[in-house]
Amino acid sequence: MPDEPTHRLAQLSDLHLTAGNAPLAGQIDTEAQLRLALGRLADSGLEFDAVILSGDLADAGSAEAYQRLQHIVAEQSELLGCPVLAGAGNHDERRNFTTTLGPADSVTEIRGLRLIQLDSSVPGAGHGEISRSRLAWLTEQLASPARHGTVLVVHHPPVPSASAVMSQFALRNPGDLAEALTGSDVRIILSGHQHVPGSSTLAGIPVAIAGGVSYAADPMYQKRGYRAMTEGQSFTMVEFYPGQVVTMVASVAANPTLHQIDVN
Ligand SMILES: [Fe+2]
Ligand SMILES: [Fe+2]
């Protein structure tokens, strides 16, 4: 008998939607990438408690891109039967983001699982920093535990980077976040930003970093610089069981079948 998770989330990160859906770097149809990923969720037949969009939703913060995204969010939350929750990243323009999508810091509780989106972006900058006021807000939210614990979504991963390029755009104060989370009910931290799926821990809490839905980056290129790739885009599925959280990385493209076993 398969185990049933208490909750299941999908995390789609780094959509980088462009104004008028112009091809990103002349090559990527970012709206098509997003729709491919959402289509994979719908086709799976799985039930999701929420879809989390973890920042860099618009590549250059265009108001039109957020409006188009808002339309997709409304349509897909209806289709999937769950909320689609938006968080901000360094590419987002805070005013255009909040006007269309609502606050970049938010708390949503779904059947006892608390989802907190915390904005780590610094207006006009690429690096991340969690401001004093946001740390205080987070501490306040975490003061009382949720029945199934908390998921913290923060665009900039609170992990070190050996990449000369990405280290400039890292979260500057992971220690402050670690302090705010120590002793809390946070079960997992979901990040994005690097466009490379990965995992780590912060203060003993698992950190899962989602790949990019729009494009993927090459961790094998970090000594030489930064290389964005036209293939290898992915998203993350997160399943919650009593005492454990399981993350799985899925490709945005439905890759060709080698073989399959169908159970129903
Ligand atoms: Fe990004
Ligand atoms: Fe980013």
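The rules behind these values
- The numbering scheme is per chain: residues are counted from 1 as the chain's sequence reads.
- As they are written, the chains are lettered A onward and the ligands numbered 1 onward, keeping that order.
- In keeping with the model being predicted, local features are shown solely for residues with a pLDDT of at least 70 and side-chain atom pairs are shown and tallied solely at 80 or more, while totals for entire chains, interfaces and linings include all residues.
- In computing side-chain values, all of the structure's heavy atoms are included and hydrogens and water are not.
- Each helix is a run of H or I in the DSSP string that is no shorter than four residues. Each strand is a run of E no shorter than two, and both are numbered from the N terminus.
- One less than the residue count of a helix, multiplied by 1.5 Å, gives the span that helix is expected to have.
- Think of it in three bands: with a 1.4 Å probe and only protein chains considered, a residue is buried below 20% of the maximum accessible area for its type, exposed above 50%, and partly exposed in between.
- Along the arc lie the directions from the helix axis toward the C-beta atoms.
- Nonpolar cores were defined as sets of buried Ala, Val, Leu, Ile, Met, Phe, Trp, Tyr and Cys residues, with membership established by side-chain atoms within 4.5 Å.
- Contact definition: two residues touch when any of their heavy atoms are within 4.5 Å.
- When DSSP finds two or more bridges between two strands, those strands count as paired.
- To obtain each axis, a line is fitted to C-alpha atoms, and for helices this fit is confined to the stretch in contact; angles are then taken between N-to-C directions over 0 to 180 degrees.
- Keep in mind that water is not among the atoms, so a site may look incomplete; donors are the N, O and S atoms within 2.8 Å of the metal, or 3.2 Å for Na, K and Ca.
- In these descriptions, tetrahedral denotes four donors with every angle between 85 and 135 degrees, square planar four donors and octahedral six donors with opposite donors over 155 degrees apart and the rest between 65 and 115, and irregular any other case.
- Residues are called lining when one of their atoms sits within 4 Å of a cavity or pocket point, these points coming from a 1 Å grid over the protein atoms alone, where a cavity is a set in which a 1.4 Å probe fits but cannot get out and a pocket is an open set with protein on both sides within 12 Å along at least five of seven lines.
- Grid points are joined across faces, edges and corners, and a volume is the space filled by probe spheres set on the points.
- Under this grouping Gly is polar, as are all residues other than the nonpolar Ala, Val, Leu, Ile, Met, Phe, Trp, Tyr, Cys and Pro and the charged Asp, Glu, Lys and Arg.
- Any angle that falls under 35 degrees is termed roughly parallel, while one over 145 is termed roughly antiparallel, one within 65 to 115 roughly perpendicular, and all others oblique.
- Nitrogen and oxygen atoms within 3.5 Å of one another constitute a polar contact, given that in protein one can donate a hydrogen and the other can accept it, and given that sequence-neighbouring residues count only through two side-chain atoms.
- We call a crossing left-handed when the near helix sits turned anticlockwise from the far one by less than a right angle, and right-handed when that turn is clockwise.

A. Molecular detail of helix H2 (residues 63-80). The end-to-end C-alpha separation of H2 is 25 Å, in line with the 26 Å expected for 18 residues at 1.5 Å each. Taken together, the buried positions of H2 are Ala65, Tyr66, Arg68, Leu69, Ile72, Val73, Gln76 and Leu80. For H2, the angular spread of buried residues about the axis comes to 155°, placing them on one side. Residues of H2 that are exposed and point more than 90 degrees away from the buried face comprise His71 and Glu78.

B. Structural detail: the nonpolar core. One finds Leu12, Leu15, Leu41, Val51, Leu53, Leu57 and Leu69 to be the most contacted residues of the largest nonpolar core, which totals 31 residues. Put simply, the parts of the chain that give this core at least two residues each are strand S1 (7-12), helix H1 (30-44), strand S2 (50-54), H2, strand S3 (84-87), helix H3 (94-101) and strand S12 (234-241). For this core, the leading source of residues is H2, giving 6 residues. The residues touching Val51, leaving out its near neighbours within four places in the chain, are Ala10, Leu12, Leu41, Leu80, Cys82, Pro83, Val84 and Leu85.

C. Main features of the sheet that holds strand S9 (residues 205-209). Strand order in the open sheet formed by 6 strands is S4-S5-S6-S7-S9-S8, and the pairing between neighbours is mixed. The open sheet has two edge strands with one neighbour each: strand S4 (106-110) and strand S8 (198-202). Looking at each pair of strands side by side, their axes are set apart by 20° on average, direction ignored. Against the sheet, helix H4 (residues 132-141) makes contact with S4, strand S5 (113-118) and strand S6 (150-154), and its axis sits at roughly 175° relative to S5, the strand it touches most. Across the sheet, helix H5 (residues 174-181) touches S5, S6, strand S7 (186-191), S8 and S9, and the angle it forms with S8 is around 65°.

D. Broad picture of the coordination of the iron ion (ligand 2). At the metal site, the iron ion (ligand 2) is ligated by Asp56 (OD), Asn90 (OD1), His155 (NE2) and His193 (ND1), and these contacts range over 2.1 to 2.2 Å. With 4 donor atoms in place around the iron ion (ligand 2) and angles of 91 to 160° between them, the coordination shape is irregular. Read from N- to C-terminus, the donor residues coordinating the iron ion (ligand 2) fall into the pattern D-x33-N-x64-H-x37-H. The two metals, the iron ion (ligand 2) and the iron ion (ligand 1), are separated by 3.6 Å and share Asp56 as a common coordinating residue.

E. Inspection of the environment of Asn255 at higher detail. Locating Asn255 in the fold gives a position in the segment after strand S13 (244-251). Taking relative accessible area as the criterion, Asn255 reaches 52% and is therefore assigned exposed.

F. Focus on the layout of surface pockets. As a volume, the largest pocket reaches approximately 340 Å³. Along the wall of the largest pocket there are 20 residues; nearest its centre are Ser161, Gln194, Val196, Pro219 and Gln222. If one sorts the elements of the lining of the largest pocket by residue count, S8 sits on top with 3 residues. Among the residues forming the lining of the largest pocket, the class breakdown is 10 nonpolar, 8 polar and 2 charged.

G. Region of the structure containing the sheet that holds S1. Spatially, S3-S2-S1-S12-S13 is the arrangement adopted by the 5 strands of the open sheet, whose pairing is mixed. Two strands close off the open sheet at either side, each with one partner strand: S3 and S13. Pairs of neighbouring strands in the sheet enclose a mean axial angle of 20°, with direction left out of account. With respect to the sheet, H1 is in contact with S1, S2, S12 and S13, its orientation differing from that of S1 by roughly 165°.

H. Structural context of the packing of H1 against H2. Contact geometry for H1 and H2: axes closest at 11 Å, N-to-C directions at 10°. Compared by their axis directions, H1 and H2 come out roughly parallel. Between H1 and H2, the contacting residues are Glu31, Leu34, Arg35, Leu38, Leu41 and Ala42 on the first element and Arg68, Leu69, Ile72, Glu75, Gln76, Leu79 and Leu80 on the second. Taken together, the residues of the contact of H1 with H2 break down into 8 nonpolar, 1 polar and 4 charged.

I. Seen up close, the coordination of the iron ion (ligand 1). In this structure, Asp14 (OD), His16 (NE2), Asp56 (OD) and His195 (NE2) serve as the protein donors to the iron ion (ligand 1), at separations of 2.0 to 2.3 Å. Classification of the site at the iron ion (ligand 1) as irregular follows from its 4 donor atoms and the range of 86 to 174° in their angles at the metal. Positions of the donor residues of the iron ion (ligand 1), expressed as sequence spacing, correspond to D-x1-H-x39-D-x138-H.

J. View of the side chain of Ser54. In this structure, Ser54 sits in strand S2. Of the polar contacts made by the side chain of Ser54, one reaches the side chain of Ser13; its length is 2.7 Å. Residues contacting Ser54, with those up to four places away along its chain left out, are Gln11, Leu12, Ser13, Gly87, Val153, His155 and Ser191.

K. Representation of the packing of H4 against H5. Contact pair H4 / H5: the axes reach a minimum separation of 10 Å and the direction vectors enclose 20°. It follows from the interaxial angle that H4 and H5 lie roughly parallel. Of the two elements, H4 crosses H5, and the hand of that crossing is right-handed. Residues Arg132, Leu135, Leu138 and Thr139 of H4 form the contact with H5, whose participating residues are Asp176, Leu177, Ala180 and Leu181. Taken together, the residues of the contact of H4 with H5 break down into 5 nonpolar, 1 polar and 2 charged.

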